[in-house]
Amino acid sequence: MISILKHKVTIVWLALMFLTCLSWALGANHSIVSDTIRVEVFILLGLAFFKIRLVMFYFMEVKKGPRVLKLSCDAWIIFTFVGLIYVLNGAS
Amino acid sequence: MLANSSIDNAASQAKTMFGEELIWLFIFGDLCTFTLFFFIFGHARTNNSVLYHASQAKLNVHFGSINTLLLLSSSWFVVRAASAARKGLIQKCTRALAGAFILGAGFAVFKIIEYIDKANAGISFSTNDFFLFYYLLTGLHFIHLLTGLSLIAYFIYNFRANGITRQNHATFESGAIFWHMVDLLWIVIFPLLYLLP
């Protein structure tokens with residue numbers, strides 16, 4: 001059971017590394033994603049907040065925590081992601 | 001070292017909540033403070049996109065990306081250390097913590113190189129609004145990083161000196177949560193400062 005859990009955390013870490021490399025490639029070559037700035041902002045921040053959820057739920061073990069902790073984490077993620085998309089929208 | 005029953009007890013407590021409740025209050029307070037900075041930065045960027053784009057181009061995206069990989073890997077080592085601590089495996093735990101420390105210190109070294117590079121180019125926090133935010137966000141994050149590194153060093157020393165006790169194990173889990181938060185903050189700061197189109 002413990003080894004499965006460890007393995008799962010390692011898979012999450014590998015996913016985080018892959019997603020970071022993806023963001024790196026997208027950020028260094030904006031045109032390969034989309035010509036629309038809004039879409040690029042959405043994708044880059046979407047990847048970041050997906051990574052945050054992985055760190056919170058698997059590294060910080062929120063997944064095993066009480067319901068109120070899970071809801072609080074998700075609420076912060078959604079609030080910050082939507083808020084940032086909103087304030088950055090005018091940039092396009 | 002903890003007796004087996006104590007380890008089981010500690011592990012079962014950890015299943016309910018990793019870290020103590022108070023650390024989570026601190027974490028959410030800190031996250032919300034940074035959220036405020038992120039929103040103000042986003043608003044300022046929207047209102048002066050030409051200046052922000054030109055300034056962002058002076059940052060090295062590769063440094064930012066490598067630092068993200070270093071912090072994520074450091075966090076993974078802390079997860080391994082936490083797993084080992086619950087089983088009372090001191091050596092495995094301190095080795096994983098040493099790995100986390102080295103990677104975290106690597107982040108600090110890259111960041112200092114970046115700061116020196118900017119200083120040599122005549123860039124400071126007074127250059128323009130973008131760099132004011134750059135030094136504010138990365139500076140606050142750097143202070144968190146140094147705090148986290150100090151905690152990791154302390155836990156390595158404490159576990160080696162005293163073994164894993166119920167008390168230092170609980171403190172360690174809270175410290176581990178803090179280290180993951182340092183990672184979380186950088187995951188947002190990185191695209192905001194380095195990657196946005």
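That block above? That's the structure.
First, a word on what this report is: a plain description of the structure on this page.

Taken together, the contact between chain A and chain B spans 44 residues of the former and 44 residues of the latter. When the two sides are added together, the surface that chain A and chain B hide from each other amounts to roughly 4000 Å², 79% of it contributed by carbon and sulfur. The shortest N-O distance in the salt bridge between arginine 86 of chain B and glutamate 61 of chain A comes to 3.0 Å. The interface formed by chain A and chain B includes nine residue pairs in polar contact (both at pLDDT 80 or more). Going through the elements one at a time, helix H1 (2-28), helix H2 (37-59) and helix H3 (67-88) of chain A are the ones with two or more residues in the side of chain A that touches chain B. For the side of chain A that touches chain B, the leading source of residues is H1 of chain A, giving 13 residues. Residue composition of the side of chain A that touches chain B, by class: 29 nonpolar, ten polar and five charged.

Here the focus is a positive patch on the surface. Residue and element names in this part refer to chain B. Positive charge collects at one region of the surface, where Arg80, Lys87, Lys92 and Arg95 lie side by side. On the secondary structure map, lysine 87 appears in the loop between helix H4 (61-86) and helix H5 (90-120). The exposure class of lysine 87 is partly exposed, given its relative accessible area of 31%.

Now for unusual backbone geometry. Despite not being glycine, glutamate 61 of chain A shows a phi value in the positive range, around 60 degrees. Residue glutamate 61 of chain A is classed as buried on the basis of its relative accessible area, which comes to 10%.

Moving on, we come to the pattern of salt bridges. For the structure shown, the criterion picks out six salt bridges over all chains. Between lysine 64 of chain A and glutamate 61 of chain A there is a salt bridge, with its nearest N and O atoms 3.6 Å apart. Since its relative accessible area comes to 31%, lysine 64 of chain A is described here as partly exposed. Residue lysine 118 of chain B is joined to aspartate 117 of chain B by a salt bridge in which the shortest nitrogen-to-oxygen separation is 3.4 Å. With a relative accessible area of 41%, aspartate 117 of chain B lands in the partly exposed category. Linked through salt bridges whose partners overlap, the residues forming this network are Glu61 and Lys64 of chain A together with Arg86 and Glu173 of chain B.

Cut-offs applied
- Residues numbered from 1 in each chain as written.
- Chains lettered and ligands numbered in written order.
- Predicted model: local features only at pLDDT ≥ 70, side-chain atom pairs only at ≥ 80, totals over all residues.
- Heavy atoms only, no water.
- Contact = heavy atoms within 4.5 Å.
- Buried area = accessible area lost by both parts, 1.4 Å probe.
- Salt bridge = Lys/Arg side-chain N within 4 Å of Asp/Glu carboxyl O.
- Polar contact = N/O pair within 3.5 Å; in protein donor to acceptor, adjacent residues only side chain to side chain.
- Helix = DSSP H or I, 4+ residues; strand = E, 2+ residues; numbered from the N terminus.
- Nonpolar A, V, L, I, M, F, W, Y, C, P; charged D, E, K, R; others polar.
- Patch = residues over 30% accessible without salt bridge, like charges linked within 9 Å, V, L, I, M, F, W, Y side chains within 5 Å.
- Areas by Shrake-Rupley, 256 points an atom, 1.4 Å probe, with all protein chains shown as cover.
- Lys, Arg positive; Asp, Glu negative; His and termini not counted.
- Charge placed at Lys NZ, Arg CZ, Asp CG, Glu CD.
- Buried < 20%, exposed > 50% of the residue type's maximum accessible area, 1.4 Å probe, protein only.

Nothing here speaks to function; it is all geometry.
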